[in-house]
Amino acid sequence: MIRNLEHFFAQESCGWCTPCRDGLPWVERLLIAIEEGRGTPEDIERLHDAARLIGPMGRTFCAHAPGAIAPLASGLKMFAEDFQRLVSKPTPGTAESGAAGRRLRRYGPMAKIVIDGREVEARTDVNLLQACLEAGKDLPYFCWHPELGSVGACRQCAVKQYANADDTRGRIVMACMTPVTEGAIFSVDDPEAKEFRGEVVEWLMTNHPHDCPVCEEGGECHLQDMTVMTGHRERRYRFDKRTHNNQELGPFVKHEMNRCISCYRCVRFYRDYAGGEDLGVFASHNNVYFGRHESGTLESPFSGNLIEVCPTGVFTDKPFSKMYSRKWDMRGAPSVCSNCATGCNTIINERAGKVRRTLNRYNDEVNRYFLCDRGRFGHGWVNAPTRLRSAGYVINGDMTPVPAQAALDHFGKIANAGKLVGIGSPRASLESNYALRKLVGEENFSTGMAEPQHSLVKLAVSLMSTSAARIATMQEMETSDGALILGEDVAATSPRMSLALRQIKRTAFNKAADQARVPHWMDASVRTLGQDTVSPLFLVSPTVTDLDGFAQDPIRTMPEDAARLGFAIAHRIDDSAPDVAGLTESEAASASRIADALLAAEKPLLVSGLQYASAALLQATANIASALAAKGKAPLLSFVLPEANSMGLALMGGLSLDEIASRAAGSTLIVLENDLSRRLDKAAFDTVTGGAANLVVLDHSVTPTAIRSQITFPSAAYSETDGTLVSAEGRAQRFFQVVYPDAPLQAGWRWIADLAQAAGFDHVKPWSKLDDLIAEIAATLPVFARIPEAAPSSDYTLEGIPLRSQTHRVSGRTAIRANISVRDIPPPASPDTPLHSTMEGSYGTDMPGTLVPFYQVPGWNSEQSLNRFQQEIGGKMRGGDCGVRLVEGIANAAGSYAMDVPSAFAPRAGQFMLLPEARVFGTDEMSMMSQPIADRAAPAVVRVGGAVAKGAQVRLSLNGELCTVDAVSDPSLPEGVATCPPHMVSRSWSTPGWVSLEITAPAERIGTESAV
Amino acid sequence: MTGLNPEKQPLLALVNRETPLDPAGYDKKGGWRGLRRALGMSPAEIITEVTDSKLRGRGGAGFSTGMKWSFVPKESSKDRLKYIVANGDEMEPGTFKDRILVEGNPLQLIEGMIISAYAIQARHGIIFLRGEYHLGLERLQQAVIQAREAGFLGENILGSGFDFDLHVHPSAGRYICGEETALITALEGRRANPRAKPPFPQIGGLWGAPTVVNNIETFSNIPHILANGTEWYLGLSACVDGGTKLYGVSGRAKRPGVFELPLGTSLGVILNECAGGMQDGYKLRAFLPGGASTAFLGAEHADIIMDYPTPEKAGSRLGTGLAILLDDKTSPIG
Ligand SMILES: Cc1cc2nc3c(=O)[nH]c(=O)nc-3n(C[C@H](O)[C@H](O)[C@H](O)COP(=O)(O)O)c2cc1C
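The rules behind the values
- Residues numbered from 1 in each chain as written.
- Chains lettered and ligands numbered in written order.
- Predicted model: local features only at pLDDT ≥ 70, side-chain atom pairs only at ≥ 80, totals over all residues.
- Heavy atoms only, no water.
- Near = heavy atom within 4 Å.
- Polar contact = N/O pair within 3.5 Å; in protein donor to acceptor, adjacent residues only side chain to side chain.
- Areas by Shrake-Rupley, 256 points an atom, 1.4 Å probe, with all protein chains shown as cover.
- Helix = DSSP H or I, 4+ residues; strand = E, 2+ residues; numbered from the N terminus.
- Buried < 20%, exposed > 50% of the residue type's maximum accessible area, 1.4 Å probe, protein only.
- Contact = heavy atoms within 4.5 Å.
- Buried area = accessible area lost by both parts, 1.4 Å probe.
- Salt bridge = Lys/Arg side-chain N within 4 Å of Asp/Glu carboxyl O.
- Nonpolar A, V, L, I, M, F, W, Y, C, P; charged D, E, K, R; others polar.
- Domains from an automatic or database assignment.

Asker: So what's going on with the site of the ligand? Residues and values would help.
Answerer: The local shell around the ligand holds 18 residues, among which B:Gly59, B:Asn87, B:Glu90, B:Asn215 and B:Thr218 are the closest. More than one chain reaches the ligand: its neighbouring residues belong to chains A and B. At 3.0 Å from an oxygen atom of the ligand is found a main-chain nitrogen or oxygen belonging to B:Glu180. B:Asn215 places a polar side-chain atom, nitrogen or oxygen, 2.7 Å from an oxygen atom of the ligand. Contact with the protein chains covers 90% of the free accessible surface of the ligand, which is 600 Å². If one sorts the elements of the shell around the ligand by residue count, strand 4 (residues 211–215) of chain B sits on top with 3 residues.

Structure, rendered in structure tokens:
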């Protein structure tokens, strides 16, 4: 009550005179600290001082302060015992009740335990370390990680446990290995426990190089934080340190093994959690070595997480290293990854106009603690020379810069020649697409997707929104106990989702753990107990995938046959779903086995996607979902979509590229952030781009489409503006500006408003800020009615103050450019973002998850401070979560079934069925303009079922282009089938089809040129 | 608030929060009597009568209203610009009495302000209302228009030769606007910071002119004093000061609310008889007797006399007279 009142009085101070302006907020914070268990007896003294010094009439200008202090001063006296109890030091065993806990929303069973004489409520399904952290205690740790659980390796989180109220001696236990049980009594501050923790960190540090000033972890290092927290200040170890050689681990991750404190987190993440095999632990005693068996690129597409998982600077970010800056000298902004449709939440860091790095931003339902490497390292294109930085005319195939106004004036003159046609883009924001659609009119707007993708995305979205299944979040996927991936290499098309799917097997171990009464957070024990568990994940795919090792004997079959299997499974679950004639015996057996497993599951999950461009696969998957629902199950469903805003464009609607082609002839064609050469074969590309009377391109990078244009306008990239993307899960999420470019870049929608102005079209009025545009979209298109909720609007404030995007430690902005001028220049600003561009503004653990520009709290400078931003560790963010779901299945939807069962795959003599081979690195457009990703991408090859001589090549015609590529034999593919990575061999090819392959033996190769 | 006895609960007797009375209806129920009588008296006579009735400010500080008025320079309203201001900021947590008065019987406040204006010879009046009181604002604005049409506001009120008009000002927010000098600064269109005293508002207030600021409840008492006289008014109370008081409680009482009772009623009566006592399963642990800015009193004071001096002797204040209860299950600290 007192905190509540003092919050009011602190907020309501007029700000004139000091005692109440600055004294009351201090009072409030002391009260919060005491209430949350972080208070000290000295804090109570400070409160008494405040009451004594602020309260009396005359100390302050008006009577506000005396009134404000009245409840505090009287409360301190009247409730002295309550105050004492909350800050009391360990008097082991003397539990006192009635103390307030942290203001958390609790889920699940709770127990009352005593920590340092204070009774707190703690969850019983977590370990004591978590309970202490959730109770606001600072308890140092290394090997425990919220997502990886406990293994008890580092011994840093030692606390004292007492057997009962009469036990005065107690014994040291590791908090991370100790369950929370009703009435248990602990002490964190016990001198013996403290001394032990001090010793542990000193041991850990014996071989640490203490190279913080040159270490890239410095300033955001968990080891630094924990060392300070433990109080180890002085080095007593007088002897030599052991040293290690470091390894070259490829384009993403740097290795400095000398800094290692052997917490084992890296291998536990890399191997146990993510399924990588090429990082291990070698040697023994204090010489243990974490690395590969020899130097070489880390193979796991999740290697970048080592950077965040490692508590110190053993694994650091290599591309970041090339343009390194301290955490405190960078601006941060919450963002959303645009390198696939999954919609992972990120933080991007900027300094001096350049994006420096991408970090994970926690969203409990989406990416949680981890990102894939394409997401983490795929941002480099925003800094690349391929960026468009001014308006331009293409003259003789070269981009020639012109002032934006001249280009706009020029547009004004040509705009009325022929009708206006617009091509949107699934890689552009909802806002820009909407603006274009408004400018050209609904009937002249294309989603920017070509067939068959256009129809398939529409089909997927309509199946999702009419299905009786819930659309699965990645968090839900992890805990499914019966899942089927039907005809999609998710590991390549949505890497982060595949990381969630990998956890299904681990979740299954929990059953064995439950039987042995081992809590789920005892990670090593659970893995031991679960070893023989058969994974409840079923996987049907034409090719080998990275998920195979996590599935129950993966079924390898062609897309048509995968779809047939899906239809058959649906029929076996509910016989009103259509049956499949002519199944082989083994197919029929598989169908029954999978149907039984899905029916037996509590949380059945179905995943498919668009990789093989098969409507039948989507329909088969939806049939299984309907069949399960008909049997009273609550299935989860997910379709992997191709691009960051595919879902958004499908919801918005528009013509396919194929449909717009005829309309584009003779028109003034505006192409928004879309490279048509990746979507249309060469002939169609020439027809569309050449047939338009005028071609105007808005994009952030130079593309073959831009080179065909008459006028180009430079769009701001996702790091330079704000906007909304709708992920494959149907979640609208907003990204925020972090770079304030000095070039005349602006959001696509602003250019479109400018185009309308220049041409005198008054049906498009300029929007003064993003929120206005978002409000208009929400009001105009009912499917988007909720997008304003995706994130707070630009006038958001925390405690009345806009948010800041830099830490308070940022080197002064005048100091940093003092070599140029000592005058302060006004910081850049934007009407679209709620984040102030500097360190001025508010920040705190209660800020909305959508707006977190970096993680830091006093004493916790690394991303591990995230603990403090969560209501409970691994749970919701205190300030609310991120994004808003626009698409949901319909509970109890009347299950209707797709009836068109495809016929079985039939090989064709003399021809190959060429399937697209999805890749994490290489097939995606923008990330390949990032050097580290381009370096990581393996060269394109065609994999051929059947024998191929080593060193052979194939010649084939793809979308009308004649290509020559290296060929390798892939014994896992049937005869007559081959795979080829989309976009890497032929720019536009991505859809399965029959081809003639001319295989040339190595001997014949001499003198021929590689097309790659 | 039907069923209340106008003789015992004059402030709330005519309060109707569904449809407040219009000037004619108010007249029928005995309204405007105080004003009619006052306009026949001299300003000095009124001030004496109010002083003798021992009305103390209901805004929290409890200063004698009549005495406050007596500090205002005595020129006639024709010769000197003066203001009268009603303080309806009511942002004190736990306080919600003025709201009921403006929503339920705005004319009572207006009548009180006209009498008071006449007493200090002010030409202009302003009602400063909490910004969130949307309904109150609407009702007040409508009442001012009606009163003006009926000849109670404007020039030559009821043929007395006295000119007075009223303006309603919704606050832009902030608790400090309730502090009278900050309120005045806010009215002037400036940042709502308090001002140095002297000058006191009665000498140099709004735009430097003599200004009296009183609480809405204070003003609402004035018509009844003038209509029924000092003796009657003193008789309403259960203590040495005059009148009734709007008391109330919030927190875990069975029926939190506002009640009009003799000034000097005990908290025990307020809590147990009017508010139904504590909710089942909760015990009273402590309370803030008169809003957030008064000091805690422990449960041993549960029967304390809620007049001006007694809570002060116990270490707190009467404040606004609306108590916030702390029960035994709520953290006093959080
Ligand atoms: C911080 C602060 C807030 C106040 N808020 C109010 C209020 O909301 N309403 C009110 O009538 N008086 C409030 N007051 C008291 C006024 O300053 C002033 O004393 C009162 O309006 C005088 O009216 P009265 O004599 O009729 O009580 C407040 C005082 C302070 C110091």
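Asker: Requested: an account of helix 5 (residues 80–87) of chain A, with residues and values cited.
Answerer: When helix 5 of chain A is considered as a whole, its buried residues turn out to be A:Asp82, A:Phe83, A:Arg85, A:Leu86 and A:Val87. Those residues of helix 5 of chain A that are buried lie in contact with helix 1 (2–12), helix 2 (18–35), helix 3 (41–54), helix 4 (64–78) and strand 2 (118–123) of chain A together with strand 7 (284–288) of chain B.

Asker: Which residues make up the interface of chain A and chain B, and what values go with them?
Answerer: In this complex, chain A contributes 28 residues to the contact, which on the side of chain B involves 29 residues. For the pair chain A and chain B, the summed buried area comes to about 2400 Å², and 70% of that belongs to carbon and sulfur atoms. Interface area lost by chain A to chain B is led by A:Met1, A:Cys14 and A:Phe79, which between them contribute 27%. Run the count over chain A and chain B and you get 2 salt bridges. When the shortest N-O distance is used, the salt bridge between A:Glu12 and B:Arg174 registers 4.0 Å. At the junction of chain A and chain B, the tally comes to 12 residue pairs in polar contact (both at pLDDT 80 or more). The residue makeup of the side of chain A that touches chain B, split by class, is 17 nonpolar, 7 polar and 4 charged.

Asker: Talk me through the domain arrangement of chain B; I want residue IDs and the actual numbers.
Answerer: Residue and element names in this part refer to chain B. By the assigned domains, chain B splits into domain 1 (10–235) and domain 2 (244–327). When each unit is reduced to the centre of its C-alpha atoms, the spacing between domain 1 and domain 2 is 27 Å. Each partner contributes residues to the interface: domain 1 has 20 residues there, and domain 2 has 19 residues. In total, domain 1 and domain 2 occlude about 1600 Å² of area from one another, counting both sides; carbon and sulfur atoms represent 60% of this. Connecting domain 1 to domain 2 are 1 salt bridge. Of the charged contacts in the structure, one is a salt bridge between Glu-217 and Lys-245, with a shortest N-O distance of 2.9 Å. For the pair domain 1 and domain 2, the interface holds 13 residue pairs in polar contact (both at pLDDT 80 or more). Broken down by element, the residue count for the side of domain 1 that touches domain 2 peaks at 3 residues, all from helix 1 (residues 10–13). Across the side of domain 1 that touches domain 2, the residue classes tally to 8 nonpolar, 7 polar and 5 charged.

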